[in-house]
Amino acid sequence: MNEENIDFETGTSFYNPHMRLCRSISSLAVGAIEKEIEICDGFSSTGIRGIRYAKENPNVSKTSFVEFDESAAELCRRNILSNSIKGEVFEEDFNRHLMGHSYDLVELDPFGSPAPYSYFAVRSFRRMKSGFISATATDTAILCGAHSAACLKAYHARPLHNEICHEAGARILLRHFANLASEFDFGIFPLFTLSHRHFFKAFIRLEKGAAKAVENEKKSGFIIFCPKCGHMQASPIPAPKCPKCRGEAEWGGPLWLGNLHSQEHIRKMAALNQERDYADKAKISSLLSLMEKEDSFPPYYFEVHRTCKRLGLPNPKPIAGIISCLEKKGHSAMRTHFSPTAIRTDAPVSALKKAVPK
Ligand SMILES: [Zn+2]
């Protein structure tokens with residue numbers, strides 16, 4: 001197999017080629033950390049993620065690979081040897097491993113939800129002043145509200161099951177880590193948060209401090225969504241009624257209402273992306289340029305077709321035209337990385353309605 005000029009064996013181990021973009025963008029985030037780091041690649045399987053982190057980034061001093069399955073661990077050993085990686089393979093349970101080891105960065109990329117492993121990942125930083133967690137969640141159906149009870153059970157939050165479910169789901173995932181971080185006196189600072197295909201990726205910096213941990217709580221809240229008039233708002237408390245039209249509202253949370261990304265880190269990642277020759281270079285560049293600006297808007301977006309249908313408006317004109325109309329009226333607006341057919345804006349739904357021609 002070959003991924004970004006790295007040859008490796010897959011054998012019977014799990015390797016998902018569709019996660020190449022996720023591995024590339026995460027490797028950029030690793031490379032943008034301006035210090036030497038030791039990494040733990042949990043659920044390493046073939047080891048491709050950790051091998052890429054180590055080969056592509058000179059600031060990675062050592063990588064440990066944790067893989068429970070005996071034959072996968074043996075394959076991973078061969079792959080790190082053939083790629084001349086400075087690292088070690090631990091053939092044991094991930095949680096058990098983190099009870100006795102600590103790293104600067106923990107990669108948490110299990111099958112499905114990271115929730116059963118996140119406690120020990122956060123706990124592993126308990127004696128450190130800072131650290132990084134890079135977590136992948138492929139249980140997006142749960143985080144996006146297809147199974148509301150499952151989300152309550154795994155993440156202790158009520159999901160939204162509508163057109164903003166991807167952003168709400170990513171924010172539920174971040175809040176899950178914020179909660180755990182608070183218990184160990186860490187504040188969380190997302191470096192980037194990505195929703196793509198069937199996964200969410202949260203790359204988070206943890207910083208020690210009781211005051212920072214308290215800030216986590218202040219950045220948690222709810223998103224209220226009115227299916228009747230299209231009004232949305234962030235709120236410290238849930239609301240069963242729409243504050244605008246008094247119709248039945250949907251609400252999701254508690255979820256993370258703080259920033260999804262660090263603008264500074266995203267800029268460094270974008271610069272690194274230009275230096276590298278990734279197969280997904282153009283796609284990554286476009287995602288990063290959207291992500292860089294997203295946090296200057298409210299924590300939701302308008303899915304244009306669904307919003308127009310809801311408001312009884314005809315099929316809308318191109319998104320660029322609606323953005324331009326909103327800007328002419330003095331509002332800010334942009335696309336969002338969460339959906340190619342959505343607009344992020346500081347304008348209320350009434351202004352969006354006026355921007356769509358009748
Ligand atoms: Zn309403």
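Residues numbered from 1 in each chain as written. Predicted model: local features only at pLDDT ≥ 70, side-chain atom pairs only at ≥ 80, totals over all residues.

Overall, antiparallel pairing links the 3 strands, which are arranged E11-E10-E12 in an open sheet. Because the sheet does not close on itself, it has two edges, and the strands there are strand E11 (232-235) and strand E12 (250-256). Geometrically, the sheet is characterised by an average inter-axis angle of 20° between neighbouring strands, direction not taken into account. Relative to E11, strand E10 (residues 220-225) runs antiparallel, the two being bridged by 4 bridges. When the sheet's bridge partners are listed, Ile 224 is paired in E11 with Gln 233. (Pairing = 2+ DSSP bridges. Helix = DSSP H or I, 4+ residues; strand = E, 2+ residues; numbered from the N terminus. Axes fitted to C-alpha atoms, helices over the stretch in contact; angles between N-to-C directions.)

Along E10, 6 of the 6 residues are buried, which leaves the element largely enclosed by surrounding structure. Pairing between E10 and E12: 5 bridges, direction antiparallel. Pairing of Ile 223 across the sheet is with Gly 252, part of E12. Linking E10 to E11, which pair antiparallel, is a turn of 6 residues; within it Gly 230 sits at a positive phi near 85°. (Buried ≥ 20, exposed ≤ 12 C-beta atoms within 10 Å, placed from the backbone.)

Between Gly 253 and the following residue, Pro 254, the backbone shows a cis peptide bond with an omega angle of 0°. Tracing the backbone through its elements, the reader meets Pro 254 in strand E12. Notably, Glu 4 is not glycine yet its phi reads approximately 50°, a positive angle. If you trace the backbone, Glu 4 turns up in the loop between strand E1 (2-3) and strand E2 (6-7).

Bringing the environment of Arg 20 into the picture now. Residue position: Arg 20 is located in helix H1 (residues 20-31). Placed 253 residues apart in sequence, Arg 20 and Asn 273 show a C-alpha to C-alpha distance of 14 Å. Ignoring anything within four residues of it in the chain, the contact list for Arg 20 reads Glu 3, Ala 279 and Asp 280. (Contact = placed C-beta atoms within 7 Å.)

This part takes up the sheet that holds strand E3 (residues 37-42). A sheet is described by the order of its strands in space; here 7 strands give the open sequence E5-E4-E3-E6-E7-E9-E8, paired in mixed fashion. In this open sheet, the two edge strands, each paired with only one partner strand, are strand E5 (87-90) and strand E8 (186-196). Across this sheet, the average inter-strand angle for adjacent strands is 15°, counted without regard to direction. Relative to strand E4 (residues 60-66), E3 is paired through 6 bridges, and the arrangement is parallel. Among the inter-strand pairings, Glu 38 is bridged to a residue of E4, identified as Lys 62. Here helix H2 (residues 48-56) sits on the sheet and contacts E3, E4, E5 and strand E6 (105-108); the angle it forms with E4, its principal contact strand, is near 175°. Where helix H9 (residues 210-218) meets the sheet, it contacts E8 and strand E9 (199-208), and its direction lies at approximately 45° from that of E8.

To continue, consider the nonpolar core. Counting 104 residues, the largest nonpolar core has Ala 29, Ile 133, Leu 143, Phe 177, Ala 181, Ile 204 and Ile 223 as its most contacted members. The element contributing the most residues to this core is helix H8 (residues 165-183), with 10 residues. Formed jointly, this core draws a minimum of three residues from each of two domains, domain 1 (2-220 + 254-294) and domain 2 (302-355). Sequence-distant contacts of Phe 177, that is, excluding residues within four places in its chain, are made with Ser 118, Val 122, Ile 133, Ala 135, Ile 188, Ala 202 and Ile 204. (Core = buried A, V, L, I, M, F, W, Y, C linked by C-beta atoms within 7 Å. Domains from an automatic or database assignment.)

Glancing now at the domain arrangement of the protein chain. Per the domain assignment, the segments making up the protein chain are domain 1 (2-220 + 254-294) and domain 2 (302-355). If you look at the interface, domain 1 gives 9 residues, while domain 2 gives 9 residues. For the side of domain 1 that touches domain 2, the secondary-structure elements that each account for two or more residues are H8 and helix H11 (281-294). The class makeup of the residues in the side of domain 1 that touches domain 2 is 3 nonpolar, 2 polar and 4 charged. (Nonpolar A, V, L, I, M, F, W, Y, C, P; charged D, E, K, R; others polar.)

Our focus in this paragraph is helix H7 (residues 148-155). The set of residues buried in H7 consists of Cys 151, Ala 154 and Tyr 155. Taken end-on, H7 shows its buried residues confined to a sector of 75°, consistent with a single buried face. In H7, the exposed positions angled more than 90 degrees off the buried face are occupied by Ala 149 and Lys 153. The elements touched by buried residues of H7 are helix H5 (115-123), helix H6 (140-143) and H8. (Arc of directions from axis to C-beta.)

Here strand E14 (residues 333-336) pairs with strand E15 (residues 339-345) via 4 bridges, running antiparallel. If you follow Ala 333 over to E15, its bridge partner there is Thr 345. In sequence, E14 turns back onto E15 through a hairpin of 2 residues.

On to the packing of H5 against H8, then. Packing of H5 against H8 leaves a shortest axis separation of 9 Å and a crossing angle of 35°. H5 and H8 meet at a crossing whose hand is right-handed. For the pair H5 and H8, the contacting residues are Ala 115, Ser 118, Tyr 119 and Val 122 in the first and His 176, Phe 177, Leu 180 and Ala 181 in the second. Here the contact of H5 with H8 is composed, by residue class, of 6 nonpolar, 2 polar and no charged. (Left-handed = near helix turned anticlockwise from the far one by under 90°.)

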